[in-house]
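Here's the letter readout for the chains.
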Amino acid sequence: MVKDYVKKPKVMAKDVNLYYGDFHALKGITLSMEENTVVALIGPSGCGKSTFLRCFNRMNDLIPSTRITGYVMVDGKDINDRSMNVDELRKNIGMVFQKPNPFPKSIFENVAYGLRVNGVKEAKFIEERVERSLKQSALWEEVKDKLKKSAFELSGGQQQRLCIARALAIEPSVLLMDEPASALDPISTAKIEELIYELKNQYTIIIVTHNMQQAGRVSDKTAFFYMGELIECDDTKTMFTNPKHTRTQNYITGRFG
Amino acid sequence: MMDSGKIHRRKQASQNFVFTLFTLMSASIVLVLFVILGFIVIRGLPAISWDFLTKMPEDGMTKGGIYPAIIGTFCLMLGSMIFAFPIGIMSGIYVHEYTKDGILKRFMKAMTNNLAGIPSIVFGLFGMSLFVNDLHFGDSILAGSLTLGLLVLPVVIRTTEESLKAIDNSFRVGSYALGATKLQTIRKVVLPMSLPNIITGLILSIGRISGETAPILFTVAAYFLPKLPHSIFDQVMALPYHLYVISTSGTNIVESRKMAYGTALVLVLIVLILNLLANVLRRYFGKKVKMN
Amino acid sequence: MKTSFQRFIEKFVEGLLFLSGTITSFAVILIVLFLFKEGWGLFNETPVEKGSVIALNKSNPVQELTAQQIKNIFDRKITNWKEVGGNKDSIIVFSVNDISNYYSDAELGDSLQFVPQRISELMGKKTGIIAFFPTEYISKNFQGRILAMKKVTLTGFIKDKEWFPTAQPAAQLGILPLILGTLWVSLVAILIALPFGLATAVYIAEIADARVGKILKPVIELLAGIPSVVYGFFGLIVIVPLVQKTFNLPVGETGLSGSLVLAIMALPTIITISEDAIRNTPRAMKEASLALGATHWQTIYKVIVPYSISGISAATILGIGRAMGETMAVLMVTGNAAIIPHSILVPMRTIPATIAAELGESAHGGLHYKALFALGCVLFVMTLVINLTVDLISARRKYSK
């Protein structure tokens, strides 16, 4: 635990409450994550883990009548502060969604999208960055000959890796993943997990998953959510071998959820 | 990458510019509606009086009232409702509740779409050819109502279909589970639930009937006929045609202007009241029955 | 447990509903049938109305004349037979009223009983004559040659440049100016309406908060509900003078006035359908764009609009279809001149307006009457093409998702 105080947290939530209208979706969550680690958020459906994930790039703004209190800090800055540019923030925080959601554009343009909307115009730079991102997401070999083809022609697993490449292209420092493998077959899932393991060296990754084994395999830390509360957060090993709370234990051993 | 603060400001500025522009463009549409309505209300109000609504036109339609046109339009509305509503609702029920997804359903829907896409003047040609000439109805309320009825039929069918679609299937299944037949399910469960929506849609379609001109030009509308109809085989005056006549081809267009404003206002009022009624009903029923 | 009576009722009602269900198909088929039955008759007619003939001198080698040539001859625009492929001989135009120029009252007889004979004589004497007179004046040993008239052809109907169906001696049945007028007026209307319609659709679906949207919806519904004749009236009194003043024109009844009125009328169609299409864009697509740091506006024009483009184009095409078929408003404001338009600022005449304006004056079953039904067929086909295009687009949309 001493480590936490030595290393400055990359991402931090302090006493975060979130309401959808009257519904109290997140109840006083406090959690911090260091740079270049993978944190897994687990818990039964509707426990608030996805909502919590979406606090870090303010995706909850899109839902009307959402209210948030407390502090969400990235690199020591309060992202809900008025001075924060939300598109600036989102550029810095990549996100991968539950289902692959490529744009109705070519493979190349999908990856280039983030650069273009952020004002990058040099074609050479974009080309290089697209290639690098596709290599990072281990998709380059499969698509290098058909970059002009529609992204919809790829398989589900390839589409999801394309979405990861798309997120990496603008060099975010944090990567949010919302059940990135839940809609995929086992082989594609394995590829994505491998990828997460490699990306850890450069990114801080927060991943929502309801697959216990996956959380065990890829994450350094695991946080267990239940009914909008953070029940427990610890090193993944500790969490899976020796959880403090019975609820956590029940969930991990598969007694509910 | 480039100076991100500058890019951000540029992005934000273009967004602000476009959103302001779009807001203004939307507002201009509202403005257009209010200009049209305001223009007709302000110019039309002085023309409207009890006499205007209850007297026959006089002096080459430059004086007097529009009573026969009001009655005529009312007859046509009623006539086409009697024809189109039952058949349209039944047709909608058949297409949505009885046909399975397949060729028959697609064909029926395509035909309804095609009918809806036919220009109103073509309905006029058809009505004249079939009802007036071949069936020897002559220029009559009957011929006009049938033509207008045919015109709103697709609207009625679609309204019914949409309203039935809004009823969750679980209600039907629940009814079948209790041993009800298809007909009983439709009659006792599905129809009562969808009725509010159907009625709202139908009210809007009545407005459409009241204002259509092209279909009645050659099937019923009379240029000048200062008496009331006695049977469905009589010709009548109608508000929209009357407005057309006195504003473009009457005996004295300038003198008739005041009458034209008044007639336009009456037409607009009919539509306005029906729309208001539909919105009130929608809100009232919307609170009463929550459907998904 | 159901009694057989109940089962009978079930079947009976189902049958009744089925019959109602077939009504639209039935109606469409009937409309097509009646429209084409009357309209197709046109192509069995000649441009010269039944009961009249055109005759030439027997020595005249000209075998055929088009309706347009006949009109030009009788308008004295063609004055020599050479121009229409005959001998070099100047044309003498003769119609039955001219008979007194050639013969005295005595020669024609007290009760004009000698008129046929005199016409026949005249026909034999003058080599350059072309005569137009009622069939009843053809005498027994007619010395002229009755010109065989070609039937009206579909290509001529569509390609000819003059619409003057009541012209004597030969009706001019070219609908090109009407087709062009219809296209001009409706296309310009959509060009005007599209930016406003799209902006409003985007505004309602994406920008405005729900309360403002709730106000705008009834406004658009009302805009759709106002009768076209009221729009026409408004156009006549407000837009026509405005156009005249703004562009300093001799008359304000122009294609542009019609386009402006139609633009307002087409707005509800464009807005409602585009808005639906925009709303159908998956949320995930939108979120993915925003998560990459795109602004809301960038997301709209780079992701949402491309995604919903098929719905938006369907809305546009449907709007054009509505505009093409609109009758009263256009009839009241476009000036109705049947000329080939070269600018939007001249009077124009559309197909529906022509039918509405002329059908009342045409004799039932006559050439003009049939020509108007044929016009109806053309309009029907034009709108059918549009509807089928829209069906195709929406079918492809469903398929691609």
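Predicted, not measured: the structure shown is a model, and the values here were computed from it.

Caption draft 1: Here's a closer look at the domain arrangement of chain B. All names here are of chain B. Looking at the assigned domains, one finds that chain B contains domain 1 (4–47) and domain 2 (50–291). Of note, the centres of domain 1 and domain 2, computed from C-alpha atoms alone, are 33 Å apart. Taken together, the contact between domain 1 and domain 2 spans 9 residues of the former and 8 residues of the latter. Surface buried jointly by domain 1 and domain 2 totals about 750 Å² across both partners, of which 81% is contributed by carbon and sulfur atoms. Counting every contact that joins domain 1 to domain 2 gives 0 salt bridges.

Caption draft 2: Geometry of the interface of chain C and chain B. Contact with chain C, which involves 77 residues of that partner, is made by 77 residues of chain B. Summed over both partners, the interface of chain C with chain B comes to about 6900 Å²; 78% of that surface belongs to carbon and sulfur atoms. Among the residues chain C hides against chain B, the three largest losses belong to Leu17, Phe233 and Trp297 of chain C. Together they make up 10% of the total. Inspection of the chain C/chain B interface yields 2 salt bridges. A salt bridge links Glu221 of chain C to Arg282 of chain B; the nearest nitrogen and oxygen atoms lie 3.4 Å apart. For the pair chain C and chain B, the number of links is 12 residue pairs in polar contact (both at pLDDT 80 or more). Sort the elements by how many residues they give to the side of chain C that touches chain B and helix α2 (residues 23–40) of chain C lands first, with 11 residues. Residue classes in the side of chain C that touches chain B are distributed as 51 nonpolar, 19 polar and 7 charged.

Caption draft 3: Representation of the pattern of salt bridges. Residue and element names in this part refer to chain C. Scanning the entire structure with this criterion turns up 35 salt bridges over all chains. Lys71 serves as the salt-bridge partner of Asp75, at 3.1 Å between the closest nitrogen and oxygen. For Asp75, a relative accessible area of 37% corresponds to the partly exposed category. A salt bridge links Asp209 to Arg211; the shortest N-O distance between them is 3.8 Å. Its relative accessible area of 66% is what places Arg211 among the exposed residues.

The rules behind the values
- Residues numbered from 1 in each chain as written.
- Chains lettered and ligands numbered in written order.
- Predicted model: local features only at pLDDT ≥ 70, side-chain atom pairs only at ≥ 80, totals over all residues.
- Heavy atoms only, no water.
- Domains from an automatic or database assignment.
- Contact = heavy atoms within 4.5 Å.
- Buried area = accessible area lost by both parts, 1.4 Å probe.
- Salt bridge = Lys/Arg side-chain N within 4 Å of Asp/Glu carboxyl O.
- Polar contact = N/O pair within 3.5 Å; in protein donor to acceptor, adjacent residues only side chain to side chain.
- Helix = DSSP H or I, 4+ residues; strand = E, 2+ residues; numbered from the N terminus.
- Nonpolar A, V, L, I, M, F, W, Y, C, P; charged D, E, K, R; others polar.
- Buried < 20%, exposed > 50% of the residue type's maximum accessible area, 1.4 Å probe, protein only.

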